[in-house]
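An overview of the molecular structure
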Amino acid sequence: MNAFPDPLWPVLVLAFVSFGDALLCLRPVAFVAQCFEDVRFPRRWWWVAAPLKFAAAAGLVAGIWIPYLGALTAAAVVLYFLFAIAMHVRARDFGRNLFLNATGMLALSVFTLLYSFA
């Protein structure tokens, strides 16, 4: 495993997307709120999504200069989306949120981890 990302661009793309995702979760926009509802994610925990995603973006960017932090953060993002997919499957939510959003983000996260750090 590489201590620093090489190439850098996948890490920056994932950080940018994570930051945008966090903004959408601050006061969940309609489709994010509906996704949380569809997987029966308790409303009292909705606030956690934005800080986690902001932390992911920050960890990915900081990992450009801090050895192994980017790889650790990319692995954490992979785990996050594995859990998200599991929540969709458990709730039998087999629509756009599972197949486009969660699976797409998992693919981007795995690609970033493997391409930039392996």
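Heads up: the structure comes first, above all this text.
Structure report, in brief.

Procedures and definitions
Residues numbered from 1 in each chain as written. Predicted model: local features only at pLDDT ≥ 70, side-chain atom pairs only at ≥ 80, totals over all residues. Heavy atoms only, no water. Axes fitted to C-alpha atoms, helices over the stretch in contact; angles between N-to-C directions. Helix = DSSP H or I, 4+ residues; strand = E, 2+ residues; numbered from the N terminus. Parallel < 35°, antiparallel > 145°, perpendicular 65-115°, else oblique. Left-handed = near helix turned anticlockwise from the far one by under 90°. Contact = heavy atoms within 4.5 Å. Nonpolar A, V, L, I, M, F, W, Y, C, P; charged D, E, K, R; others polar. Salt bridge = Lys/Arg side-chain N within 4 Å of Asp/Glu carboxyl O. Buried < 20%, exposed > 50% of the residue type's maximum accessible area, 1.4 Å probe, protein only. Core = buried A, V, L, I, M, F, W, Y, C linked by side-chain atoms within 4.5 Å. Polar contact = N/O pair within 3.5 Å; in protein donor to acceptor, adjacent residues only side chain to side chain. Expected span 1.5 Å × (residues − 1). Arc of directions from axis to C-beta.

Focus: the packing of helix α1 (residues 9-26) against helix α5 (residues 96-117)
Two measures define how a pair of helices packs: the angle their axes make with one another and the distance between the axes. At a minimum axis separation of 9 Å, α1 and α5 run at an interaxial angle of 150 degrees. The angle between α1 and α5 places the two elements in the roughly antiparallel class. The crossing of α1 and α5 is left-handed. Together, Trp-9, Pro-10, Val-11, Val-13, Leu-14 and Val-17 of α1 and Met-105, Leu-108, Ser-109, Phe-111, Thr-112, Tyr-115, Ser-116 and Phe-117 of α5 make up the contact between the two elements. Split into classes, the residues belonging to the contact of α1 with α5 amount to 11 nonpolar, 3 polar and no charged.

Thoughts on the pattern of salt bridges
By the definition in use, this model includes 2 salt bridges. Its salt-bridge partner being Lys-53, residue Asp-21 comes within 3.0 Å of it at the nearest N-O pair. With Asp-21 in helix α1 and Lys-53 in helix α3 (residues 49-62), this residue pair connects regions lying 32 residues apart in the sequence. Accessibility expressed as a relative area gives 10% for Lys-53, which makes it buried. A salt bridge links Arg-43 to Glu-37; the shortest N-O distance between them is 2.7 Å.

With respect to the environment of Leu-114
Position of Leu-114 among the secondary structure elements: in helix α5. Overall, the relative accessible area of 53% leaves Leu-114 in the exposed class. Distance from Leu-114 to Ala-56, taken between C-alpha atoms, is 17 Å for residues 58 residues apart in sequence.

Here's the deal with the nonpolar core
By size, the foremost hydrophobic cluster in this structure holds 18 residues, and its most contacted members are Leu-60, Phe-81 and Phe-117. Among the elements that make up this core, the one with the highest residue count is helix α4 (residues 69-90) (7 residues). By size, the runner-up hydrophobic cluster in this structure holds 7 residues, among which are Cys-25, Val-32, Trp-46 and Ala-49.

Examining the side chain of Thr-73
Tracing the backbone through its elements, the reader meets Thr-73 in helix α4. One polar contact links the side chain of Thr-73 to the main-chain carbonyl oxygen of Leu-69, over a distance of 2.8 Å. Among residues more than four places away in sequence, those in contact with Thr-73 are Ala-56, Gly-59 and Leu-60.

Description of α4
The terminal C-alpha atoms of α4 lie 31 Å apart, and with 22 residues this matches the ideal 32 Å at 1.5 Å per residue to within 8%. Restricting attention to buried positions, one finds in α4 the residues Gly-70, Ala-71, Thr-73, Ala-74, Val-77, Val-78, Phe-81, Ala-84, Ile-85 and His-88. For α4, the angular spread of buried residues about the axis comes to 165 degrees, placing them on one side. Within α4, the exposed residues directed more than 90 degrees away from the buried face are Leu-72, Phe-83 and Arg-90. Packed against the buried residues of α4 are α1, α2 (30-38), α3 and α5. Positive phi appears at Arg-92, one or two residues downstream of α4, with a value of about 55 degrees.

Any functional reading would require information beyond the geometric quantities listed.
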